[in-house]
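Structural description and commentary
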Amino acid sequence: MLPDDDYNWQAFARATRYPAAPVAAPPEPTGRRFGVDGVITADLYDVDPVTGERVLVQHEVSHNTVVNAGLNWLRSLFDGITPVAFVRQAYAAIGTGGTAVSASDTALGTETAREAIETYAAGGTGVCTITCEFAAGVGTGLIAEAGLFDANAAGNMFDRTVFGSAIDKTAGRSLTVSWTFTFTST
């Protein structure tokens, strides 16, 4: 059956010769963006075995990388479709691996110790500091890396850093590692 005479055959012919342009991807937003910046400080102390007095031996500052698993963890906080159990990053780990950080890292290079996070302190808008101490005798070796995890073994790694200088954590030294995260909207 042919269409009636009211059909616009010219428009049909143009559309056949010149199909509509493909739908373009939406433009990049020009407004605000969300970001995470992290600075890790590691303070190494000699500990007097009698008095417990601590003397600062080494201070290292390093920027960290939120790895893919950490970004996915952040994403899951906003997932309203699939129920997600919120498991916080409650463990800090140190290790001797010095391989450069990659976004695809899922573990430290060579983990030597993992401890529960001791303190969480909210700072100014979007700022928090997480601190963990590795006591004398825990995690000894030339410490070169650190990361945060959601479990006391294996688990999901949130971030990783490799320090600029190795930290000589002998059995008589303690190490305090602090992560300061700044969540921004730029």
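Structure: see above.
Source: prediction; values computed, not measured.

**Describing the pattern of salt bridges**
Under the defined criterion, the tally for this structure stands at five salt bridges. Between Asp46 and Arg173 there is a salt bridge; the shortest N-O distance is 2.8 Å. Here Arg173 lies in strand β10 (residues 173-185) and Asp46 lies in strand β1 (residues 34-47), a separation of 127 residues in the sequence. Residue Arg173 is classed as buried on the basis of its relative accessible area of 16%. Residue Glu133 is joined to Arg54 by a salt bridge in which the shortest nitrogen-to-oxygen separation is 3.0 Å. A residue pair is termed long-range when its members are at least 10 positions apart, and Glu133 in strand β7 (residues 127-134) and Arg54 in strand β2 (residues 54-63) qualify at 79 residues. By relative accessible area, which is 25% here, Glu133 ends up partly exposed. The partly exposed category is assigned to Arg54, whose relative accessible area is 35%. The network of salt bridges with common partners includes Asp105, Glu145 and Arg160.

**Some thoughts on helix α2 (residues 68-76)**
Among the residues making up α2, those that are buried are Gly70, Trp73, Leu74 and Ser76. Down the axis of α2, the buried set is contained in an arc of 160°. They therefore lie on one face. Those residues of α2 that are buried lie in contact with β1, β3 (65-66), β9 (157-169) and β10.

**Structural notes on the sheet that holds β1**
In space, the five strands of this open sheet follow the order β2-β1-β10-β7-β6, with antiparallel pairing throughout. Both edges of this open sheet fall to β2 and β6 (119-122), since each of them pairs with a single strand only. Ignoring strand direction, the axes of neighbouring strands in this sheet form an average angle of 15°. Here 13 bridges tie β1 to β10, and the two strands are oriented antiparallel to one another. Note on β10: the bridge partner recorded for Ala42 is Val177.

Definitions and limits used
- Starting from 1, residues in each chain are numbered consecutively following that chain's sequence as written.
- Per-residue local features are limited, in this predicted model, to residues with pLDDT of at least 70; the limit for side-chain atom pairs, both in listing and counting, is 80 or more; totals at the level of whole chains, interfaces and linings are taken over all residues.
- Excluded from the side-chain calculations are hydrogens and water; all other atoms, namely the structure's heavy atoms, are used.
- The salt bridge criterion pairs a side-chain nitrogen of Lys or Arg with a carboxyl oxygen of Asp or Glu, the two atoms within 4 Å.
- Per the convention used, a helix needs a DSSP run of H or I reaching at least four residues, while a strand needs a run of E reaching at least two, with both numbered from the N terminus.
- A simple rule labels every residue: compare its accessible area, found with a 1.4 Å probe on the protein chains alone, to the largest value its type can have, and call it buried under 20%, exposed over 50%, or partly exposed in between.
- Think of the arc as the fan of directions from the helix axis to the C-beta atoms.
- Contact between two residues is taken to exist if any of their heavy atoms lie within 4.5 Å; hydrogens are not considered.
- Two strands are said to pair when DSSP picks up at least two bridges between them.
- Orientation is described by axes fitted as lines to C-alpha atoms, over the contacting stretch for helices, and by angles from 0 to 180 degrees between their N-to-C directions.

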